[in-house]
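Below are the chains, spelled out letter by letter.
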Amino acid sequence: KAGVTQTPRYLIKTRGQQVTLSCSPISGHRSVSWYQQTPGQGLQFLFEYFSETQRNKGNFPGRFSGRQFSNSRSEMNVSTLELGDSALYLCASSTRLAEGSEQFFGPGTRLTVL
Amino acid sequence: QKEVEQNSGPLSVPEGAIASLNCTYSDRGSQSFFWYRQYSGKSPELIMSIYSNGDKEDGRFTAQLNKASQYVSLLIRDSQPSDSATYLCAVNRGGGSYIPTFGRGTSLIVHP
């Protein structure tokens, strides 16, 4: 079974621009969660989508948004980029059949904001 | 108090030794526990999940859970240099939550 895929793998943007990242979950997984990982803050939860609805949200500003499509693929958008948005953005998919469902991560998108 | 705590390390062990990684959590009602391995520059990879008190073994890896003491540990037997990575502990507190909380990770170095 194919794993979680993310595109693009690398991005370089300048301050003020916006960016859209894409995530395709494992086949049959309907939950997609997004995380930001930086050396200083570790792995921080952004939001989770399930059945095209945002189910959980972390403590990030409204510049960070997402959506999920009917095929469970998800996109994350960051508007008005700031230098501090430079990070590894990870998505993880899950069946969400139970509270203890395992999450599987994609390879990540490395975003650099100049 | 942080929800999930791990010693940042680095933990340095010789090749062939047992590496012991520990994680404590604050929510006594937590139900699900996960260990991930993350190589530098890569994404986290799920190693094991554990839900019940006691030990769970998978190859060279053993997860140990003690809910009364609120800790979960990961033992790596016969450590190899290829095991050098950061190990992330994740805890799901249950009660309607589907999102685990991650610790900051412990860096493990296995030297030849």
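Residues numbered from 1 in each chain as written. Chains lettered and ligands numbered in written order. Predicted model: local features only at pLDDT ≥ 70, side-chain atom pairs only at ≥ 80, totals over all residues. Heavy atoms only, no water.

(A) Quick peek at unusual backbone geometry. Residue and element names in this part refer to chain A. The peptide bond linking Thr 7 to Pro 8 adopts the cis configuration, its omega dihedral lying at -10°. Topologically, Pro 8 is positioned in the loop between β1 (5-7) and β2 (10-13). Although it is not a glycine, Ser 72 adopts a positive phi angle of roughly 80°. Assignment of secondary structure puts Ser 72 in the loop between β7 (64-68) and β8 (74-78). (Helix = DSSP H or I, 4+ residues; strand = E, 2+ residues; numbered from the N terminus.)

(B) Quick look at the interface of chain A and chain B. Contact with chain A, which involves 25 residues of that partner, is made by 22 residues of chain B. Approximately 1700 Å² of surface area, both sides summed, lies buried where chain A meets chain B, with 54% of it carried by carbon and sulfur atoms. The interface formed by chain A and chain B includes zero salt bridges. The tally of links from chain A across to chain B stands at eight residue pairs in polar contact (both at pLDDT 80 or more). (Contact = heavy atoms within 4.5 Å. Buried area = accessible area lost by both parts, 1.4 Å probe. Salt bridge = Lys/Arg side-chain N within 4 Å of Asp/Glu carboxyl O. Polar contact = N/O pair within 3.5 Å; in protein donor to acceptor, adjacent residues only side chain to side chain.)

(C) View of the packing of aromatic side chains. Scanning all chains against the criterion turns up ten aromatic pairs over all chains. Between Phe 60 of chain A and Phe 64 of chain A, the ring centres sit 5.2 Å apart and the planes meet at 65°, which makes this aromatic pair edge-to-face. Classification of Phe 60 of chain A as buried rests on a relative accessible area of 14%. With a centroid separation of 6.1 Å and an interplanar angle of 90°, the aromatic rings of Phe 34 of chain B and Tyr 51 of chain B are classed as edge-to-face. Of this pair, Phe 34 of chain B sits in strand β4 (residues 32-38) while Tyr 51 of chain B sits in the loop between β5 (45-50) and β6 (54-58), and the two are 17 residues apart along the sequence. The class for Phe 34 of chain B is buried, based on a relative accessible area of 2%. Judged by its relative accessible area of 33%, Tyr 51 of chain B falls in the partly exposed class. Through a chain of ring-to-ring contacts, three or more aromatic side chains come together here, namely Tyr 35, Phe 45 and Phe 105 of chain A together with Tyr 36 and Phe 102 of chain B. (Phe/Tyr/Trp six-rings, centres within 6.5 Å; stacked < 30°, edge-to-face > 60°. Buried < 20%, exposed > 50% of the residue type's maximum accessible area, 1.4 Å probe, protein only.)

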